[in-house]
Amino acid sequence: MIYYYIAIALFIFTLYILFLYLLKIKIEKFEKKIINKFKEKNNQVASIFEVTKNYLIKHDDIFNEILNLKKIDFNENNFYTKIIEKANTYKKIHNELNFIFRVCNKNPKINKDYKFLYMRELIVDISYELWENLVIYKKIVKIFNNLIKIKKLTIIWIFIPIRKIETI
């Protein structure tokens, strides 16, 4: 009879660990999706650069910082770079894009250019999608980390080395 309870406990622990591994894989895929959205947004900077070239007076000075940040982002692009490591660069790029849009909004000629309006709307849509994905990502990571806390209360943590995931 005791073997029956031990078998049930082992089966439950096995399912729990399998669930944790599958959830971790899902989180990693979601991280890649978020990074791709960030890249998609950052790739629009070149289009904004070209569209605003004829309208802004100190064009190179305005875009200098964001182009440097794009170089940093490009150098960080390898397979092993995690989202938490790239988040700081993406935050700076987002702030620079906001600065560029504030500068451009003060120029009435740019606000009439349909190419600029389209690019701005495209970046805003990508940012909105990105924000929704980040909210979902944070919820999933919070659930995962709580499940890791439960795992650490049992003896499973000795045998299965699954660690918490840092959030953005």
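Residues numbered from 1 in each chain as written. Predicted model: local features only at pLDDT ≥ 70, side-chain atom pairs only at ≥ 80, totals over all residues. Heavy atoms only, no water.

Focus: the overall build of the protein chain
When you go through the protein chain residue by residue, the secondary structure sums to 5 helices and 0 strands. Element order for the protein chain, N to C, with α for helix and β for strand: α-α-α-α-α. The burial tally for the protein chain puts 36% of its 168 residues in the buried class. Of the contacts formed within the protein chain by residues at least 6 apart in sequence, a portion of 72% connects residues at least 24 apart. (Helix = DSSP H or I, 4+ residues; strand = E, 2+ residues; numbered from the N terminus. Buried < 20%, exposed > 50% of the residue type's maximum accessible area, 1.4 Å probe, protein only. Contact = heavy atoms within 4.5 Å.)

Points about the packing of helix 1 (residues 2-52) against helix 2 (residues 59-75)
Direction vectors running N to C along helix 1 and helix 2 enclose 160°, while the axes themselves pass 11 Å from each other. On the basis of their axis angle, the class for helix 1 and helix 2 is roughly antiparallel. For helix 1 against helix 2, the interelement crossing comes out left-handed. Across the interface between the two elements, N42, N43, V45, I48, F49 and T52 of helix 1 pack against H59, D60, F63, I66, L67, K70 and D73 of helix 2. For the contact of helix 1 with helix 2, the per-class residue count stands at 6 nonpolar, 4 polar and 3 charged. (Axes fitted to C-alpha atoms, helices over the stretch in contact; angles between N-to-C directions. Parallel < 35°, antiparallel > 145°, perpendicular 65-115°, else oblique. Left-handed = near helix turned anticlockwise from the far one by under 90°. Nonpolar A, V, L, I, M, F, W, Y, C, P; charged D, E, K, R; others polar.)

Considering the packing of helix 3 (residues 83-105) against helix 4 (residues 114-153)
Contact pair helix 3 / helix 4: the axes reach a minimum separation of 13 Å and the direction vectors enclose 150°. Regarding helix 3 and helix 4, the two cross each other, and that crossing is left-handed. Of the residues in helix 4, those touching helix 3 at I83, L97, F101, C104 and N105 are F116, R120, I123 and Y137. In terms of residue class, the contact of helix 3 with helix 4 is built from 7 nonpolar, 1 polar and 1 charged.

Comments concerning the pattern of salt bridges
A side chain of one charge can pair with a side chain of the opposite charge if their charged atoms are brought near each other. Applying the stated criterion across every chain, the model contains 3 salt bridges. Residue K37 is joined to E40 by a salt bridge in which the shortest nitrogen-to-oxygen separation is 3.3 Å. Of this pair, K37 and E40 both sit in helix 1, 3 residues apart, which is roughly one turn of that helix. Overall, the relative accessible area of 14% leaves K37 in the buried class. Across the salt bridge formed by E129 and K37, the nearest N and O atoms sit 2.9 Å from each other. On the criterion of sequence distance, the pair formed by E129 in helix 4 and K37 in helix 1 is long-range, its members being 92 residues apart. The class of E129 is partly exposed, set by a relative accessible area of 36%. Overlapping salt bridges, with partners in common, bring together K37, E40 and E129 in one network. (Salt bridge = Lys/Arg side-chain N within 4 Å of Asp/Glu carboxyl O.)

Notes on the nonpolar core
Core analysis: the largest hydrophobic core is formed by 20 residues, its most contacted members being L20, I27, I34, Y137 and F144. Residue assignment for this core shows that the elements contributing at least two residues are helix 1, helix 3 and helix 4. By residue number, the principal contributor to this core is helix 1, which donates 9 residues. Among all residues touching I34, those that are not within four sequence positions of it are I83, L130, N133, L134 and Y137. By size, the runner-up hydrophobic cluster in this structure holds 18 residues, among which are I62, I66, L69 and F116. (Core = buried A, V, L, I, M, F, W, Y, C linked by side-chain atoms within 4.5 Å.)

A word on the side chain of N107
The residue N107 is located in the loop between helix 3 and helix 4 in this model. Given a relative accessible area of 16%, N107 falls into the buried group. Setting aside anything within four residues of it in sequence, one finds N107 in contact with Y55 and L56.

Quick look at the environment of L117
Among the secondary structure elements, L117 is positioned in helix 4. Through-space distance from the C-alpha of L117 to that of V51 is 9.9 Å; in sequence the pair is 66 residues apart.

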